[in-house]
Amino acid sequence: RVFCSSICALGAIQDLVVIKPITLPKKLTTALSMIPYVYLGSAILFAATGTGFIICRYDPFIGIFRLNGNAPYLYLGAAFLITGMFIARPYCRFFCPYGVLLGIMSRFAWKHLTITPSKCIDCRLCEVSCPFDYIDKPNVGLARESRKTGVRRLGFLLAAMPVLIILGGWIGHRMSVPMSRYNHWVYLAEQVVAEKVNPDLKETLETKTFRQMGTSEEELMAKAHRVRQQMNMGGWILGGFIGLVFSLKLIGISVSRTRTDYEVHKPTCFSCGRCCSYCPSDEMHLPNFVPGSLAYNEAMALRDPNAAAVEEPAPAKKEKEPAQV
Ligand code: SF4
Ligand code: SF4
């Protein structure tokens, strides 16, 4: 995700305001992480049906960068920035549709950022250094459920997958009617019909312009009908896709691979590099680990708020070799 760490202006402006990041409950972040998939899927559906480009329209920071945004979008951008002081990069983590695509690619990245350039000595200094909580901790030696329980749950989740896909598709199908109203042809057709049914209704600017253009009503109704059909089909696909993602997320939570070292979570890590400066195995950051230095004290305080005054870092696994630098 080199784009997120080094190029994206939306990420940069949020990074600037991270002051006191808090850790959110895992269940909440997992639930919120569904939003970008819904956003991305809806954006594709709206673009494919000629309804609009919602990602550009609702970009919360574009008004700030252009210095001419509408007030609601400026407020939205400001709300994201204020939230971002305490919940680091909220738009990136819980809304950005590009992040979904970059995250998928990141899983297969040939080279990915690692916390340590050499060997993890399990000193735990990096453990809480990520303001986004994207560091996976080692899990060897922890109490784990029996294999039988895990296999049974996995079987249940796999069996539930088609149900979730169909349920999601059905919800998408039900949502297709309100979603289609965002399309200008459908919107116009409904206004024209409403004015015919109720002659007391005043002509709107849209219906007046339509009549002056000389396009036939049949043509308009045919266009609206086509969009509704596309939305209906798209709603089934979008809902099914969201059901599939939800199902895969549940499986991802329930299956954990063995980790012996501290690792970045590849799909979500922004490659910002903050955690790297907490690693004493990195020669470049060795000055950070001079006892008494500001960086050293901050790292120790992050690790344990009562340990800021401790003079020496205490590797958890002393039997391991120190890092090669
Ligand atoms: S997650 Fe999205 S908004 Fe954030 S840096 Fe990446 S591309 Fe930009
Ligand atoms: S590189 Fe940045 S986003 Fe990735 S784990 Fe480290 S601190 Fe977190």
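## Re the site of ligand 1
Line of reasoning, step 1. Taken together, R1, F3, C4, C8, L10, G11, R89, Y91, C92, C96, Y98 and L102 form the complete shell of residues around ligand 1.
Line of reasoning, step 2. Mapped by element, the contributors of at least two residues to the shell around ligand 1 are α1 (2–6), α2 (9–16), α8 (90–94) and α9 (97–107).
Line of reasoning, step 3. Along the lines of polarity and charge, the residues of the shell around ligand 1 split into 9 nonpolar, 1 polar and 2 charged.

## Looking at the packing of aromatic side chains
Line of reasoning, step 1. Counted according to the given criterion, the structure contains 11 aromatic pairs.
Line of reasoning, step 2. An angle of 10 degrees between the planes, with centres 6.3 Å apart, marks the rings of Y91 and F95 as stacked.
Line of reasoning, step 3. The class for Y91 is buried, based on a relative accessible area of 3%.
Line of reasoning, step 4. Among the aromatic residues, those joined into a ring-pair cluster are F61, F80, Y91 and F95.
Line of reasoning, step 5. The cationic tip of K111 hangs over the ring face of W110; the distance from NZ or CZ to the ring centre is 5.0 Å.
Line of reasoning, step 6. The ring centre of W185 lies 4.1 Å from the NZ or CZ of K223, which sits over that ring.

## A word on the environment of S6
Line of reasoning, step 1. Mapping S6 onto the fold places it in helix α1.
Line of reasoning, step 2. Taking the C-alpha atoms as reference points, S6 and S271, separated by 265 residues in sequence, lie 8.8 Å from one another.
Line of reasoning, step 3. A polar side-chain atom of S6 sits 3.0 Å from a polar atom in the side chain of S5.

## Examining the pattern of salt bridges
Line of reasoning, step 1. One pass over the full model with this rule turns up 8 salt bridges.
Line of reasoning, step 2. With a shortest N-O distance of 3.7 Å, R228 and E190 are connected by a salt bridge. Here E190 lies in helix α11 (residues 184–197) and R228 lies in helix α13 (residues 217–254), a separation of 38 residues in the sequence.
Line of reasoning, step 3. Given the relative accessible area of 34%, R228 is considered partly exposed.
Line of reasoning, step 4. E190 gets classed as partly exposed once you look at its relative accessible area, which sits at 28%.
Line of reasoning, step 5. For the salt bridge of K196 with E217, the shortest nitrogen-to-oxygen distance reads 3.1 Å. Of this pair, K196 sits in helix α11 while E217 sits in helix α13; the two residues are 21 residues apart in sequence, bridging distant segments of the chain.
Line of reasoning, step 6. Judged by its relative accessible area of 55%, K196 is exposed.
Line of reasoning, step 7. Classification of E217 as partly exposed rests on a relative accessible area of 26%.

Rules and cut-offs
By convention here, each chain's residues receive numbers from 1 onward along its written sequence. Lettering of chains starts at A and numbering of ligands starts at 1, both following the order in which they are written. Totals for whole chains, interfaces and linings use all residues, but because this is a predicted model, local features are given only for residues with pLDDT of at least 70 and pairs of side-chain atoms are given and counted only at 80 or more. Hydrogen atoms and water are omitted, and side-chain values are computed over all heavy atoms in the structure. We call a residue near a molecule or strand whenever a single non-hydrogen atom of that residue lies within 4 Å of it. Every helix listed is a DSSP run of H or I at least four residues long, and every strand listed is a run of E at least two residues long, numbered separately from the N terminus. Under this grouping Gly is polar, as are all residues other than the nonpolar Ala, Val, Leu, Ile, Met, Phe, Trp, Tyr, Cys and Pro and the charged Asp, Glu, Lys and Arg. Two rings from Phe, Tyr or Trp (for Trp, the six-membered ring) form a pair when their centres are within 6.5 Å of each other. A pair whose planes differ by under 30 degrees is stacked, one over 60 is edge-to-face, and the rest are tilted. To sort residues, take the accessible area from a 1.4 Å probe on protein chains only and compare it with the maximum for the residue type: under 20% means buried, over 50% means exposed, and anything in between is partly exposed. Geometrically, a lysine NZ or arginine CZ counts as sitting over a ring once it is within 6 Å of the ring centre and also within 35 degrees of the ring normal. Two N or O atoms form a polar contact when they lie within 3.5 Å of each other; inside protein one atom must be a possible hydrogen donor and the other a possible acceptor, and for residues adjacent in sequence the pair counts only when both atoms belong to side chains. Here, a salt bridge means any side-chain nitrogen of Lys or Arg that lies within 4 Å of a carboxyl oxygen of Asp or Glu.

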